[in-house]
Amino acid sequence: MSTAVLTDPKTKIRVSQSSAPQPIIQMREVCKGFGSGVTRNEVLTNINLNVREGEFLAIVGFSGSGKSTFMKLLAGLETIDSGTLTMDGQTITGPNPERGLVFQNYSLLPWLTVRGNIALSVNSVFRKWGRGERADHVEKFIEMVGLTHAAHRRPHELSGGMRQRVSLARTLAMKPKVLLLDEPLSALDAMTRSVLQEEILKIWEEERQTCVMITNDVDEAILVADRIVPLNPGPNASLGPAFTVELDRPRKSSELNHSDAFKGLRNAVTNYLVAVRQKSREDEAATTTAPKVELPDLEPLAMKLPHVSSLTAAK
Ligand SMILES: Nc1ncnc2c1ncn2[C@@H]1O[C@H](COP(=O)(O)OP(=O)(O)OP(=O)(O)O)[C@@H](O)[C@H]1O
Ligand SMILES: [Mg+2]
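Residues numbered from 1 in each chain as written. Chains lettered and ligands numbered in written order. Predicted model: local features only at pLDDT ≥ 70, side-chain atom pairs only at ≥ 80, totals over all residues.

## Details of the site of ligand 1
Close to ligand 1 lie Phe34, Asn41, Val43, Gly61, Ser63, Gly64, Ser65, Gly66, Lys67, Ser68, Thr69 and Gln104, which account for all nearby residues. Broken down by secondary-structure element, the contributors of at least two residues to the shell around ligand 1 are strand E4 (41-52) and helix H1 (67-75). If you tally residues by element for the shell around ligand 1, the top one is H1, at three residues. Of the residues in the shell around ligand 1, the class split is two nonpolar, nine polar and one charged. (Near = placed C-beta within 6 Å. Helix = DSSP H or I, 4+ residues; strand = E, 2+ residues; numbered from the N terminus. Nonpolar A, V, L, I, M, F, W, Y, C, P; charged D, E, K, R; others polar.)

And the structure:
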């Protein structure tokens with residue numbers, strides 16, 4: 001971050017001005033849990049995070065640690081229990097097309113075609129546009145994700161990778177200020193995943209919108225992100241230290257594999273995740289209060305089942 005010292009023309013007072021962009025999203029001491037009483041599950045505790053405008057941030061963490069819960073808070077689909085959560089200084093109180101979420105499980109409308117699914121979102125966000133302009137916009141995003149040939153198909157006629165593309169195109173077409181990606185590629189095979197990773201990266205490099213992506217794949221996080229923040233294992237999951245990714249862009253996964261900086265960062269993030277998981281297991285074992293029960297040393301008198309007739313006689 002660089003700091004410029006300027007002189008205010010009216011007061012002649014020298015003021016310093018940071019050139020770092022203001023955070024677009026701010027989370028302060030955010031906590032979120034579900035349920036009440038003995039079934040209460042404290043999922044996220046004391047989450048503090050600034051997301052800078054135009055930044056690509058990756059959150060990495062283990063299954064069940066609260067990643068989707070975290071994303072739903074950012075999307076406004078869940079509300080925080082305590083703390084503050086703002087976008088552009090305004091409290092996030094509900095969903096808004098400015099924050100576009102791509103779900104882990106595609107969630108397309110099964111009765112609409114590829115084109116219909118994307119058009120539904122476009123028509124709801126860009127109501128003031130003319131019909132032709134909206135239609136062109138839909139086609140542009142269908143083409144961007146390489147699905148022009150399948151635009152007339154319904155979700156059940158698509159592969160998993162194609163469905164994920166529709167989901168991505170639908171959200172991108174709404175031109176959200178902040179793109180929220182909740183493990184958008186986790187259900188895909190390695191080849192399709194790698195193609196889509198590079199597509200997401202290409203789109204982001206063109207648009208440079210703020211992007212928060214959840215992933216359980218450290219390599220993927222390094223490929224796409226400016227900064228990687230681990231989510232420690234739950235319950236009471238909090239964020240770990242941020243790892244800055246200083247690799248030049250544009251990045252290609254085939255080239256990164258040979259980079260020492262990439263390998264070093266991968267080791268650092270992976271070692272951190274392994275260490276926090278180990279610690280969380282040890283803590284869990286130490287706090288398990290179930291008493292140790294001594295079992296009596298019993299042996300059955302006879303291993304044979306009683307004869308059926310003797311059971312009937314006993315009745
Ligand atoms: N609506 C809800 N009501 C009750 N509990 C919930 C709810 N949503 C999530 N949870 C619980 O919160 C915890 C974290 O769930 P979450 O889906 O955020 O994890 P995750 O890290 O996204 O997992 P995965 O990697 O499997 O997608 C889990 O114990 C889950 O059961
Ligand atoms: Mg999840």
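That shown, we press on.
## Some points on the packing of helix H2 (residues 114-125) against helix H3 (residues 131-144)
Viewed as axis vectors pointing N to C, H2 and H3 meet at an angle of 125 degrees, and their least axial separation amounts to 9 Å. In terms of axis orientation, H2 runs oblique to H3. With respect to the hand of their crossing, H2 and H3 are arranged in right-handed fashion. Residues Val114, Arg115, Ile118, Ala119, Val122 and Asn123 of H2 form the contact with H3, whose own contacting residues are Arg134, His137, Val138, Phe141 and Ile142. (Axes fitted to C-alpha atoms, helices over the stretch in contact; angles between N-to-C directions. Parallel < 35°, antiparallel > 145°, perpendicular 65-115°, else oblique. Left-handed = near helix turned anticlockwise from the far one by under 90°. Contact = placed C-beta atoms within 7 Å.)

## Remarks on the sheet that holds strand E11 (residues 227-231)
As summarised here, the arrangement of the six strands in space is E8-E9-E10-E5-E11-E12, forming an open sheet in which the pairing is mixed. Strands at the two margins of the open sheet, each flanked by one partner only, are strand E8 (99-102) and strand E12 (243-244). Both strand E9 (residues 178-182) and strand E10 (residues 210-215) contribute to a ladder of five bridges, which runs parallel. Bridge pairing in E10 links valine 178 to threonine 210. (Pairing = 2+ DSSP bridges.)

## Thoughts on helix H8 (residues 260-287)
With 28 residues, H8 extends 40 Å between its outermost C-alpha atoms, agreeing within 8% with the 40 Å of an ideal straight helix rising 1.5 Å per residue. For H8, the set of buried residues is Leu265, Val269 and Leu273. Buried residues in H8 make contact with strand E5 (56-61), helix H6 (218-224), E11 and E12. (Expected span 1.5 Å × (residues − 1). Buried ≥ 20, exposed ≤ 12 C-beta atoms within 10 Å, placed from the backbone.)

## Notes on the pairing of E11
For a regular strand, side chains alternate in direction, first toward one face of the sheet and then toward the other. Along E11, four of the five residues are buried, which leaves the element largely enclosed by surrounding structure. Pairing of E5 with E11 involves five bridges; the strand directions are parallel. Residue pairing across strands places valine 60 opposite proline 230, the latter belonging to E11. With two bridges joining them, E11 and E12 adopt antiparallel strand pairing. Bridge pairing in E12 places isoleucine 228 opposite phenylalanine 243.

## Let's talk about the sheet that holds strand E3 (residues 23-34)
The strand order across the open sheet built from four strands is E4-E3-E6-E7, with neighbouring strands paired in antiparallel fashion. Because the sheet does not close on itself, it has two edges, and the strands there are E4 and strand E7 (90-91). Of the strand pairs in this sheet, strand E6 (residues 82-87) and E7 are connected by two bridges, and their pairing is antiparallel. Looking at E7, one finds that methionine 87 is bridged to glutamine 90. Strands E3, E4 and E6 of the sheet are contacted by H1, whose axis makes an angle of about 125 degrees with E3.

## A closer look at unusual backbone geometry
The amide bond that connects arginine 249 to the next residue, proline 250, takes the cis arrangement and shows omega of -5 degrees. With respect to the secondary-structure elements, proline 250 resides in the loop between E12 and helix H7 (253-256). Backbone geometry places glutamate 29, a non-glycine residue, at a positive phi of 50 degrees. The partly exposed category is assigned to glutamate 29, around which 13 C-beta atoms lie within 10 Å. Its identity as a non-glycine residue notwithstanding, arginine 208 has a phi of 50 degrees, on the positive side. Within the element layout of this structure, arginine 208 appears in the loop between helix H5 (190-207) and E10.

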